[in-house]
Amino acid sequence: MKHNGIIASVLSAAMLASLAACGAAPASSAAADAFDTAQDIAVFTREDGSGTRGAFIELTGVEQKNADGKKVDRTTEAAAVQSSTNGVMTAVANDAAAIGYISLGSLNDTVKAVTVDGVKAGADTVKDGSYTLARPFNLVTNGDATDPVAVDFLAYCLSADGQALATDKGYIGSEGEAFTSAQPAGKIVVGGSSSVAPLMEKLVEAYKTVNPNAEIEHLTTDSTTGVSGALDGSYTIGLASRELKDSEKEAGAKATVLAMDGIAVVVNPENPVENLTVDQIQSIYVGEVTTWDEVE
């Protein structure tokens, strides 16, 4: 019995050392013992067309140019695709071995955000540039907006009131100026990114109180659809949670930054890993690292 106890102690110490190399918090040996570091990492990603996915793969180097100079998304085929931020959070919350990425503004305590290169994801770190996984929330129009309601609504979004809503939701807005509505009447359609959707819902609701003459239909799809919809007229204003592509700009798409957002890399709360480097995140998402004990 004494001999078995010594072996167990040695194995426990070895596991803790391995987790420490991963950036795990050494505070609780019980938590470390409960987590099986040899299990396969359950990788969750967003769907093609998602602005969050587009920004994530670019910022982490998962997307790289091939020999022909074409950008290639190298996300592992083993990754499970979720079509929304809530889908990723639910999947990660229900799987102890999972990893995913979501809009910082949607983060809640059902999942745990790891620090990236030792920097916590937060409004302050996104604003000062120390948190590297950050992207814009863009309002997209086909050239300059001309519809009176669209012009008025865009002005509201960028006003002090609109930017305060962005800040309240956990995004990084600007100070903005005081807003007085011109009270235009008519209907516009706003649609696109699901990451921008929670903030846009609040903006639409608030704008209707200052201009009851306007009707705004808000549709949630994805960033690519948001841009293409703005260009083909399906949407008066498109929503994209990423930078515009050169091809989209050449087609006439114009982006106005609504706010900045961080991309939080999240794991299950049972996972003792607290920090990952960008290189480690890339290795997991391209399938080079497949179990938690391989993270070094």
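Scroll up to find the structure this text is about.
What comes next concerns the included structure. All of these numbers come straight from a predicted model, not from anything done at the bench. (Residues numbered from 1 in each chain as written. Predicted model: local features only at pLDDT ≥ 70, side-chain atom pairs only at ≥ 80, totals over all residues. Heavy atoms only, no water.)

Considering unusual backbone geometry
Both trends apply: most residues other than glycine have a negative phi, and most peptide bonds are in trans.
Inference 1: Here the phi dihedral of D117 falls at roughly 55°; this positive angle occurs in a residue that is not glycine.
Inference 2: Tracing the backbone through its elements, the reader meets D117 in the loop between β7 (115-116) and α5 (123-128).
Inference 3: A relative accessible area of 44% places D117 in the partly exposed class.
Inference 4: Positive phi, close to 60°, is recorded for Q183, a residue that is not glycine.
Inference 5: Looking at the secondary structure, you find Q183 in the loop between α7 (160-168) and β9 (186-192). (Helix = DSSP H or I, 4+ residues; strand = E, 2+ residues; numbered from the N terminus. Buried < 20%, exposed > 50% of the residue type's maximum accessible area, 1.4 Å probe, protein only.)

Thoughts on the nonpolar core
Inference 1: Residues I99, I284, Y285 and W292 are the most contacted members of the largest nonpolar core, which totals 45 residues.
Inference 2: Listed by contribution, the elements that provide at least two residues to this core are β1 (42-46), α3 (51-60), α4 (85-93), β5 (98-103), β12 (253-267) and α11 (278-285).
Inference 3: Tallying contributions element by element places β12 first for this core, with five residues.
Inference 4: F153, V196, V204 and A214 belong to the second largest nonpolar core, which has 26 residues in total. (Core = buried A, V, L, I, M, F, W, Y, C linked by side-chain atoms within 4.5 Å.)

Remarks on the side chain of T291
Inference 1: Mapped onto the elements of the fold, T291 is located in the segment after α11.
Inference 2: On the basis of relative accessible area, T291 is assigned to the buried category, the value being 10%.
Inference 3: A polar contact of 2.6 Å, which involves the side chain of T291, links it to the side chain of D293. (Polar contact = N/O pair within 3.5 Å; in protein donor to acceptor, adjacent residues only side chain to side chain.)

Some details on the environment of F35
Inference 1: Summarising the element assignment, F35 is placed in the loop between α2 (29-34) and β1.
Inference 2: Distance in space between the C-alpha atoms of F35 and A97 is 8.6 Å, their sequence separation being 62 residues.

Details of the packing of helix α6 (residues 148-158) against helix α8 (residues 197-210)
Inference 1: Across the interface, α6 lies against α8 with an axial gap of 10 Å and an inter-helix angle of 115°. Overall, the two elements α6 and α8 adopt an arrangement that is roughly perpendicular. Judged by the sense of rotation from one axis to the other, the crossing of α6 with α8 is right-handed. Taking contact as the criterion, the partners of V149, D152, F153, Y156 and C157 in α6 are, on α8, M200, L203, V204, A206, Y207 and V210.
Inference 2: Of the residues in the contact of α6 with α8, the class split is 10 nonpolar, no polar and one charged. (Axes fitted to C-alpha atoms, helices over the stretch in contact; angles between N-to-C directions. Parallel < 35°, antiparallel > 145°, perpendicular 65-115°, else oblique. Left-handed = near helix turned anticlockwise from the far one by under 90°. Contact = heavy atoms within 4.5 Å. Nonpolar A, V, L, I, M, F, W, Y, C, P; charged D, E, K, R; others polar.)

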